[in-house]
Amino acid sequence: MIVVGSALALALLSPLGADAYAGPGAGFAFLSSFLLLLIVFFSSLFSLLSWPLRLLYRLFRRRKVYTRAKVKRLVVLGLDGMDPELATKYMNEGKLPHLARLRDRGTFLPLQTTNPPISPVAWSTFQTGVNPGQHNIYDFLAPSRSTYLPYLSSAQISGAKRNLRIGKLVIPLGKPQTKLLRKSKPFWNYLGEAGIFSSILRVPITFPPEKFSGVLLAGMCVPDLRGSQGTFSFYTTRPEESGKKQGGMRVPMRREGDWLISHLVGPDNDNARNGAGELRTPFKLQPVPGRDEALLDLAGQKIVLRKGTYSDWIRVRFNAGLGMKLYGICRFLLTAVSPHLELYVTPVNIDPAKPALPISHPLTYSIYLAKLLGPYATLGLAEDTWALNEGILNDEAFLRQCYLIHDERERMFFDALDKTHRGVCVCVFDTTDRVQHMFWRYLEPEHPANNGKDTVRLAGTIEELYRKMDDLVRRTLEKLDDNTILLVISDHGFKSFQRGVNLNSWLHQNGYLALQEGATESGEWLKGVDWERTRAFALGLNGLYINQKNRERAGTVNPGKETEELKRELQEKLRGLQDPERSRVAITEVFDRRAIYSGPYVENAPDLIVGYNPGYRTAWDSVTGKVTRTVFEDNTKAWSGDHCIDARLVPGVLFCNRKVQAERPGLVDMAPTILDLFGVKKPPHMHGKIWGLSEATPARNKTR
């Protein structure tokens, strides 16, 4: 997934998360310090005054609506990345008794994913019931046709529309502008229009939230307070230069007596003061002699940090001037005290109790959860995979972070489940995806990432992950009655990622991509490419683009026949591409977008979608648009498992407490099937088919 982030970064995958997705700066602060309070006040006042009428209307409408429904309540438990082969293995070994019970008394089938099988693409199809040609999401990133630089494909954030200028001071007159780039309506919007309530938690590609009849907390692609997809900070007394790391930055510290002085980095403040740079909040740290502890002093908050133990979420305030304040939350982890102190700080998340951007619907829902449960992660990709890749976190610290976030998600889910007596409750859990990405190497002692490392200590990590999800299913079943349908699904499966394929290097070596005179390599994001001599390039995880005239700024290939001939030529040459060092096929298929997509947004798709064999994926350098001298290379990062391959090889899972009557069910079928269960007619534009489900549960949901 960034796989960039999961490839995202591609926060997950690369440093783009920190640089290419910049936020609107102090425009955040204006909303959080004034407009939010105003909105909450009038919203609460209106709700209070209109409550009796709304209650009567809802009771009358719901009574009528549910007469057409085939079910009282539907619960969708999304376990991102759960793999059907691993699930089958562990069930057959008796390690997943509650999932096995669903299989034996209800349904267990592979769930067909999207092409490409990338989380933002797949979950967009899940919620809309259409193929990517209609929802417009093809990857975490998309290239600008005018600059060739990438932008986040799911959302845009910009500053206020109007500003007041007083000399060098620039004051935003309004809130930041956010725009969801995913097209087509989610199924919960249609349910809401019919009077059916939904609770939607952390489904990817729901930022910024859309209005509907229900509550929603946005998931993947919610930015951090800097506006990036996740930028951690690393502090140390080791004598090295400060600077950026993939997915994060090293921030300098200076000594003043017994204290180490530094700061937390906030968003750019260019909207508030020309050339003002980034907002900062100072803190100081005092190591405790003879103990693995340090005293943190942050804006008067004094907190003891213990080596290897995450702090609680700590509220951080950034002052942008003129009374404007911006609030975030972060955790601190002291990783070493001597001989050199080392400190990791998570990305500064948007504070759910005082959100600087809309992260929920209604706006007050994130505040409600914060008051009920305490602070919680809001960043879309909150598990810091790049801190592990970079060696800032070790395996144990990363796992602890994953399960701290998972525990927060469970509390939200069970609160929503208790309060959603009728209608739909959906929650997506990311831990299954993040842990498999980073710990797949423990399933394969021969994996290049294991060279010289212990492969035994955490060998059971993924099995334990699946056991934890099985227990989550148990606790969910205990809360369901016989009139509730439970669907446990994943958006894709998982496979090994041992070798990277640099498509841009292959294109260069085969005469399709040209570099500037004398160059043998390019910089990131295709810096140094000679576009006037380039016919094709790759960007992101599975996409290959034709440099077409009248579309790309410096296009060289004529649209129509010339483009089609070039696509066929590339398909023939790349299909079956062999890895000479392993004597294995690296690419199984190359798909033409017009053969797999339909709809009004097909022109925004990559011209070709590359399907890799298990064990292979696009190389890290290729994701970020670098041309190197190597086409094939070992993947030695902790990020050792992936799913951005041939979509036919990585289906997800479908468990249900009823018998599902469908051949080759797919994610695209979920939305129309859910609508049908509640008596809402499937819109004609939805591609998915409606499954048949048995009228009665095959066994009681209550566990003994």
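What you are looking at is a predicted structure, and each value in this text was computed from that prediction instead of being measured.

A.B. asks: Would you mind going over the pairing of strand 32 (residues 587-592) with me for this structure?
C.D. replies: Side chains on a regular strand alternate between the two faces of the sheet. Most of strand 32 sits out of view: five of its six residues are buried. Where strand 32 lies against strand 33 (residues 608-612), five bridges are found, and the strand directions are antiparallel. Paired with Ile587 across the two strands is Tyr612, which belongs to strand 33.

A.B. asks: Just to check I follow, could you spell out helix 5 (residues 97-105) for this structure?
C.D. replies: Along an α-helix, residues three or four apart share an orientation, since each turn contains 3.6 residues. Of all the residues in helix 5, the buried ones are His98, Leu99, Ala100, Arg101 and Leu102. On its buried side, helix 5 packs onto helix 4 (84-92), strand 2 (107-111), helix 13 (461-477), strand 26 (484-489) and strand 37 (652-656).

A.B. asks: Looking at this structure, I do not really get the pairing of strand 1 (residues 73-79). What am I missing?
C.D. replies: Judged by how many residues are buried, strand 1 sits mostly within the fold: seven of seven residues are covered. Alternating residues of strand 1 divide into Arg73, Val75, Leu77 and Leu79 and Leu74, Val76 and Gly78, and every residue in both groups is buried. Of the strand pairs in this sheet, strand 1 and strand 25 (residues 423-429) are connected by seven bridges, and their pairing is parallel. Note that in strand 25 the partner of Val76 across the bridge is Val426. The pairing of strand 1 with strand 26 spans six bridges and is classified as parallel. Residue Val75 lies in a different strand from strand 26, and its bridge partner there is Leu486.

A.B. asks: Mind showing me how you'd approach the packing of helix 4 against helix 13 here?
C.D. replies: In a pair of packed helices, the angle between the axes and the distance between the axes together describe the arrangement. As a packed pair, helix 4 and helix 13 sit with axes 11 Å apart at the nearest point and diverge in direction by 80°. By the angle between their axes, helix 4 is roughly perpendicular relative to helix 13. For the pair helix 4 and helix 13, contact is made by Leu86, Ala87 and Tyr90 and by Ile462, Glu463 and Tyr466, respectively. Along the lines of polarity and charge, the residues of the contact of helix 4 with helix 13 split into five nonpolar, no polar and one charged.

A.B. asks: Mind showing me how you'd approach the confidence of the model for the chain here?
C.D. replies: The predicted coordinates of low-pLDDT regions are not to be read in fine detail. Residues with a pLDDT of 70 or more make up 85% of the chain, whose mean pLDDT is 89. Here residues 1-33 scores under 50 on pLDDT; set against residues more than four positions off or in separate chains, the count is 170 contacts.

A.B. asks: What is the right way to read the sheet that holds strand 16 (residues 278-287) from this model?
C.D. replies: Two pairing modes exist for strands in a sheet, parallel and antiparallel, and in both the strands are linked by backbone hydrogen bonds. Strand order in the open sheet formed by five strands is 14-15-16-17-18, with antiparallel pairing between adjacent strands. Strands with a single pairing partner mark the edges of an open sheet, and in this sheet they are strand 14 (254-256) and strand 18 (301-306). Sheet twist, expressed as the mean angle between neighbouring strand axes with direction ignored, is 30°. Direction of pairing for strand 17 (residues 293-298) relative to strand 18: antiparallel, over a ladder of six bridges. Bridging from a neighbouring strand, Leu295 pairs with Val304 of strand 18.

Cut-offs applied
- Residues numbered from 1 in each chain as written.
- Predicted model: local features only at pLDDT ≥ 70, side-chain atom pairs only at ≥ 80, totals over all residues.
- Heavy atoms only, no water.
- Buried < 20%, exposed > 50% of the residue type's maximum accessible area, 1.4 Å probe, protein only.
- Helix = DSSP H or I, 4+ residues; strand = E, 2+ residues; numbered from the N terminus.
- Pairing = 2+ DSSP bridges.
- Contact = heavy atoms within 4.5 Å.
- Axes fitted to C-alpha atoms, helices over the stretch in contact; angles between N-to-C directions.
- Parallel < 35°, antiparallel > 145°, perpendicular 65-115°, else oblique.
- Nonpolar A, V, L, I, M, F, W, Y, C, P; charged D, E, K, R; others polar.
- pLDDT = per-residue confidence, 0-100.

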